[in-house]
Amino acid sequence: MFLGRLEFRERKKRRIGILTAGGDAPGLNAVIRGVVKSATLAGYEVIGFCRGYEGLLAPVEYKILDYRNTSGILSQGGTILGTTNKGRFQCTIGEDQRVGVAPELLQQVKKTLSELDVEGLICVGGDGSLTVAQRLFEAGIPVVGVPKTIDNDLSSTVFTFGFDSAVASATDALDRLHTTAASHGRVMILEVMGRHAGWIALHAGIAGGGDVILIPEITWSYEGICRQITARDSMGKNFTLIVVAEGAQLPEGDHVVQEVPPLGGQVRLGGIGHRLAAEIERRLDRECRVVVLGHLQRGGGPTAFDRVLATQFAVHAVQLLSDKKYGQMIAYRPPHIESVRLEDAISKLSRVNPHGPEVRSARALGISLGDDPVSSGCGAPDCESIPGSISMVSVPVFA
Ligand code: F6P
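Residues numbered from 1 in each chain as written. Predicted model: local features only at pLDDT ≥ 70, side-chain atom pairs only at ≥ 80, totals over all residues. Heavy atoms only, no water.

What is the right way to read the overall build of the protein from this model?
For the protein, the count of helices and strands is 11 helices and 13 strands. Buried positions account for 53% of the 399 residues belonging to the protein. Taking contacts inside the protein between residues at least 6 apart in sequence as the whole, the part at least 24 apart equals 74%. Of the roughly 17,700 Å² that the protein leaves accessible, carbon and sulfur atoms contribute 53%. (Helix = DSSP H or I, 4+ residues; strand = E, 2+ residues; numbered from the N terminus. Buried < 20%, exposed > 50% of the residue type's maximum accessible area, 1.4 Å probe, protein only. Contact = heavy atoms within 4.5 Å. Areas by Shrake-Rupley, 256 points an atom, 1.4 Å probe, with all protein chains shown as cover.)

What's the story with the packing of aromatic side chains in this structure? I'm lost.
What characterises a pair of aromatic rings is the spacing of the ring centres plus the angle enclosed by the ring planes. Under the counting rule described, the total for this entry stands at eight aromatic pairs. Measuring from ring centre to ring centre gives 5.9 Å for Phe159 and Phe163, while their planes differ by 15 degrees; the resulting arrangement is stacked. A relative accessible area of 3% means that Phe163 is categorised as buried. Above the plane of the ring of Tyr67 lies Lys37, whose end atom (NZ or CZ) is 5.7 Å from the centre. For the cation-ring pair, Arg232 lies above Phe239, with the distance from its terminal atom to the ring centre recorded as 5.0 Å. (Phe/Tyr/Trp six-rings, centres within 6.5 Å; stacked < 30°, edge-to-face > 60°. Lys NZ or Arg CZ within 6 Å of the ring centre and 35° of its normal.)

How should I be thinking about the side chain of Gln297 in this particular structure?
Looking at where Gln297 falls in the secondary structure, it is placed in the loop between β11 (288-292) and α9 (304-322). Here the side chain of Gln297 touches Gly294 through a polar contact of 2.7 Å, landing on its backbone oxygen. Every residue in contact with Gln297, bar those within four places of it in the chain, is listed here: Ile150, Ala166, Ser169, Val192, Met193 and Ile200. (Polar contact = N/O pair within 3.5 Å; in protein donor to acceptor, adjacent residues only side chain to side chain.)

Is there a simple way to think about helix α2 (residues 28-41) in this case?
Every α-helix carries 3.6 residues per turn, so stepping three or four residues along brings you back to the same face. With 14 residues, α2 extends 20 Å from end C-alpha to end C-alpha; this agrees with the ideal 20 Å at 1.5 Å per step. Most of α2 is tucked away, with 10 of its 14 residues classed as buried. The elements touched by buried residues of α2 are β1 (14-20), β2 (44-49), β3 (62-65), β4 (118-125), β5 (143-147) and α9. Positive backbone phi, at 95 degrees, marks Gly43, one or two positions downstream of α2. (Expected span 1.5 Å × (residues − 1).)

Got a minute to help me understand the sheet that holds β5 in this structure?
Strand pairs in the sheet, formed through backbone hydrogen bonds, run parallel or antiparallel to each other. Ordered in space as β3-β2-β1-β4-β5-β12-β13, the seven strands form an open sheet in which the pairing is mixed. Two strands bound the open sheet, and with one partner strand each, they are β3 and β13 (336-341). The mean angle between the axes of side-by-side strands here comes to 30 degrees, regardless of whether they run parallel or antiparallel. Here β1 pairs with β4 via five bridges, running parallel. In the strand pairing of β4, Arg15 is matched with Val118. Taken strand by strand, α2 contacts β1, β2, β3, β4 and β5, and its axis lies near 175 degrees from that of β1. Contacting β4, β5 and β12 (328-333), helix α4 (residues 127-138) crosses the sheet at an angle of about 165 degrees to β5. (Pairing = 2+ DSSP bridges. Axes fitted to C-alpha atoms, helices over the stretch in contact; angles between N-to-C directions.)

What am I meant to see in the packing of helix α7 (residues 222-234) against helix α8 (residues 272-284) here?
Contact geometry for α7 and α8: axes closest at 11 Å, N-to-C directions at 65 degrees. With respect to the hand of their crossing, α7 and α8 are arranged in right-handed fashion. Of α8, the residues touching α7 (which contributes Tyr222, Glu223, Ile225, Cys226, Ile229 and Thr230) are Arg275, Leu276, Glu279, Ile280, Arg283 and Leu284. Partitioning the contact of α7 with α8 into residue classes produces seven nonpolar, one polar and four charged. (Left-handed = near helix turned anticlockwise from the far one by under 90°. Nonpolar A, V, L, I, M, F, W, Y, C, P; charged D, E, K, R; others polar.)

Looking at this structure, I do not really get the side chain of Glu246. What am I missing?
Structurally, the position occupied by Glu246 is in the loop between β8 (240-245) and β9 (257-259). Despite its burial, Glu246 pairs with no opposite charge, the nearest such side chain being Arg195 at 5.1 Å. Here the side chain of Glu246 touches Gly194 through a polar contact of 3.2 Å, landing on its backbone nitrogen. One polar contact links the side chain of Glu246 to the main-chain amide nitrogen of Arg195, over a distance of 2.8 Å. Excluding residues that lie within four positions of it along the chain, Glu246 makes contacts with Glu191, Val192, Met193, Gly194, Arg195, Val256, Leu269 and Ile272. (Lys, Arg positive; Asp, Glu negative; His and termini not counted. Salt bridge = Lys/Arg side-chain N within 4 Å of Asp/Glu carboxyl O.)

How should I be thinking about the pairing of β8 in this particular structure?
Side chains on a regular strand alternate between the two faces of the sheet. The element β8 is extensively covered by neighbouring structure, given that six of its six residues are classed as buried. Residues of β8 alternate between two faces, with Thr240, Ile242 and Val244 on one and Leu241, Val243 and Ala245 on the opposite face, all of them buried. Pairing of strand β6 (residues 187-192) with β8 involves six bridges; the strand directions are parallel. Looking across to β8, one finds that Glu191 is bridged to Val244.

Would you explain the site of the ligand in this entry?
Close to the ligand lie Asn85, Lys86, Ile150, Asp151, Met193, Gly194, Arg195, Glu246, His295 and Arg298. One of the backbone N or O atoms of Gly194 is found 3.1 Å from an oxygen atom in the ligand. Here an oxygen atom of the ligand sits 2.9 Å away from a polar atom, N or O, in the side chain of Arg298. Considering the ligand on its own, with 400 Å² of exposed area, one finds that the protein chains cover 82% of that surface. Class assignment for the residues of the shell around the ligand results in two nonpolar, three polar and five charged. Two domains each put at least three residues into the shell around the ligand: domain 1 (14-161 + 302-348) and domain 2 (164-299 + 353-386). (Near = heavy atom within 4 Å. Domains from an automatic or database assignment.)

Help me understand the pattern of salt bridges, please; the structure alone is not making it clear to me.
Summed over the entire model, instances satisfying the criterion amount to 21 salt bridges. With a shortest N-O distance of 2.8 Å, Glu119 and Arg14 are connected by a salt bridge. With Glu119 in strand β4 and Arg14 in strand β1, the pair connects residues that are 105 residues apart, well separated along the chain. For Arg14, a relative accessible area of 41% translates into the label partly exposed. Salt bridges linked by common partners bring Glu223, Glu279, Arg282 and Arg283 together as one network.

So, in structure tokens, the structure goes:
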């Protein structure tokens, strides 16, 4: 039977798009697979835009995603769509300078989506990339955000996918450092990522048996660190494991940075581990070694937890698009997966609460946060507790 132009259009599958933006994180492919599977079952065709938002600009780069080309990617690290945190849409918030999206780029995005008949776009990203998503939404583009970052610094969601995998890598590194530190009686310093939040350092430090954990949210001193090393010495423990977040400020208040790019770019943090080692060696005449874990904590496959979280985020993102609930970000608020306004989600970063349950547990174990917990305050007066974050309560047990 001959199909007229109109009938053909009516029979055509509805299309949604997806892109992965910003630094990669384990679980991105699990989201892509989850979106393709659930959207296909719901009757959609999925277009994947390449290299983050860049793929939306001329020359447009995309691929039609289906069961075949997304098969087997659940456990793979990275993203089959590619990503960039250095593109033309640079838009960063938090401690970095906030930059908007140029109007001509917004026009190009609208043109691309309309020409490809894409009725809604899933943007998977961290704070910077989701700020771009919000700018697109403000310009009338139908978007839904999925929170991704190993840093776990997005407020409104208790966990982002990628975080658990990064913590697992950092914990594995600490387990390995533990045996060599103990054998040589050394001070071992592990520098981990996380930007201006100490989540990775704190969780890995607890999970990997760290003796000192230094995070951006708590002001520390060299005296505090040295006190812990000598206290351990006097207990017959002649080695110490220190976990330091790349964004932890020096006692003088400075960040240690690798690179300060021009306006709009993100400062590249890194190097605090070596600064610590030099100072500890000078003060205590102790042998220190430094490991900067770097991108090893971002590469590789996702943990089971991250696969489940990423898959649930994917399913809910498709549902939101199908319900035409745009301008929302998926959020994990145990035990529920919910959605919040993108605008609210990007308005503040989630940082460690210096009086929160993890810090209190660490202190109760004798882990040093590099401060003097009795005489000092938390050192981070502007720290807020995270909406929806899990706190520990005791409940009565009935026989
Ligand atoms: O935001 C994720 C993250 O891995 C941070 O923890 C880190 O500071 C940064 O990205 C590194 O970015 P790049 O890939 O540009 O080195």
